[in-house]
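Take a look at the letters that make up each chain.
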Amino acid sequence: QLLPEDIREPLVNHPQRASLVEVVLDLGRQPEARFQGIPAGEYLRKQEVTPADLEAAVAAVGDFGADNRAGVPGTLHRISAIRNRRGAIIGLTCRVGRAVSGHIAMLKDLVESGHSVLLLGRPGVGKTTVIREMCATLADEYRKRVVIVDTSNEIGGDGDVPHPAIGGARRMQVADALQQHAVMIEAVENHMPQVVVVDEIGTEAEALACRTIAERGVQLIGTAHGCLLENLIKNPTLSDLVGGVAPVTLGDEEARLRGTQKTILERKAPPTFPIVVEIRARNFYVAHWVEDSVDQLLLGRMPVVQVR
């Protein structure tokens, strides 16, 4: 209901409505709809977006958080704002959220193992959709105590009552995205979870909190941006999630036996997440056993992976 009537009407009757990804409203430009599997967007009307259109949409959404995100209560939709230098909203990205089932079938054995699992993938590939179904499966099917640390209410939806898509999992909201790491530790100390779920791990403090939680014997399910495991190894902020990398100086004899230079890179610690799954596409996953894959990649070799 936050879209103007002349924008909403074409979407309601659109033949590709089921594959709608987002609607973009930028001041002074035509409103645009973007669909899954279609590279180019589609303009929804000839008239450009006016300040009145944006004001009406913002009034329907309510307050935006410090991360410039808001939601629609009772749904999984996410509204993100673009502001000018004076703080006024000049653009909105209205992202469609859906509870889609079936993805867990390709990862069920990994979830059952009890190991912590990290999902990697580019934005929009479906990481949050998969993690949401994992929450419901762990809570309802395996009867585990699951606590979700929901930074922008993207997993459990907006509002105080979480969306039914997360099943019996509990949800902790985060007032300030910069304090997500503190809420992660609070979840473990106060609510005795068997599983902690975190979306979009992105800072060094959050990576450290993940290690602290894993060392307490709690299973972690998380996501991070990055297409491949190699991206994570090279990311100084998040490399600790897969054990971190440190330079090591070898003796002459050892370097000769290995056929390498005297200074090489090695994994410096056990990984926080023993399993990493690269989501290459919505139905194409690549699973790594992290210790083996990281060691092989640092040696310049191709790791053995599972393609699902």
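Structure: see above.
Residues numbered from 1 in each chain as written. Predicted model: local features only at pLDDT ≥ 70, side-chain atom pairs only at ≥ 80, totals over all residues. Heavy atoms only, no water.

(A) Broad picture of helix H1 (residues 5-12). What H1 keeps buried is the set Ile7, Arg8 and Leu11. Down the axis of H1, the buried set is contained in an arc of 95°. They therefore lie on one face. Against strand E1 (20-26) and strand E2 (32-35) lie the buried residues of H1. (Buried < 20%, exposed > 50% of the residue type's maximum accessible area, 1.4 Å probe, protein only. Helix = DSSP H or I, 4+ residues; strand = E, 2+ residues; numbered from the N terminus. Arc of directions from axis to C-beta. Contact = heavy atoms within 4.5 Å.)

(B) Summary view of the pattern of salt bridges. Counting across every chain of the model gives 15 salt bridges. The partner of arginine 78 in a salt bridge is glutamate 154, and the shortest N-O contact between them spans 2.9 Å. Linking arginine 78 in strand E5 (residues 78-83) with glutamate 154 in the loop between strand E8 (146-150) and strand E9 (170-173), this pair joins segments that are 76 residues apart in sequence. Of the two residues, arginine 78 and glutamate 154, both sit in the buried class. Among the charged side chains, a salt-bridge network with shared partners connects Arg69, Arg78, Glu154 and Glu200. (Salt bridge = Lys/Arg side-chain N within 4 Å of Asp/Glu carboxyl O.)

(C) Representation of the sheet that holds E1. Judged by pairing direction, the sheet is antiparallel, and its six strands sit side by side in the order E3-E2-E1-E6-E5-E4 without closing on themselves. The two strands at the open ends of the sheet, each matched to only one other strand, are strand E3 (42-43) and strand E4 (69-71). Two elements, E1 and E2, share four bridges in a ladder whose sense is antiparallel. In the sheet register, valine 24 faces E2, and the bridge partner there is glutamate 32. Against the sheet, helix H2 (residues 51-61) touches E1, E4, E5 and strand E6 (89-95), its axis set at about 55° to E6. (Pairing = 2+ DSSP bridges. Axes fitted to C-alpha atoms, helices over the stretch in contact; angles between N-to-C directions.)

(D) Up close: the side chain of threonine 223. Inspection of the secondary structure assignment puts threonine 223 in strand E11 (residues 219-225). Here aspartate 199 takes part through its side chain, which lies 2.4 Å from a polar atom of the side chain of threonine 223. (Polar contact = N/O pair within 3.5 Å; in protein donor to acceptor, adjacent residues only side chain to side chain.)

(E) Local environment of helix H5 (residues 180-191). The end-to-end C-alpha distance of H5, which contains twelve residues, comes to 16 Å, matching closely the 16 Å that a straight helix rising 1.5 Å per residue would cover. When we look at burial in H5, the residues that qualify are Gln180, Val183, Met184, Ile185, Ala187 and Val188. Buried positions along H5 lie against E8, E9, strand E10 (195-198) and helix H6 (204-215). The first or second residue beyond H5 is methionine 192, which carries a positive phi of 45°. (Expected span 1.5 Å × (residues − 1).)

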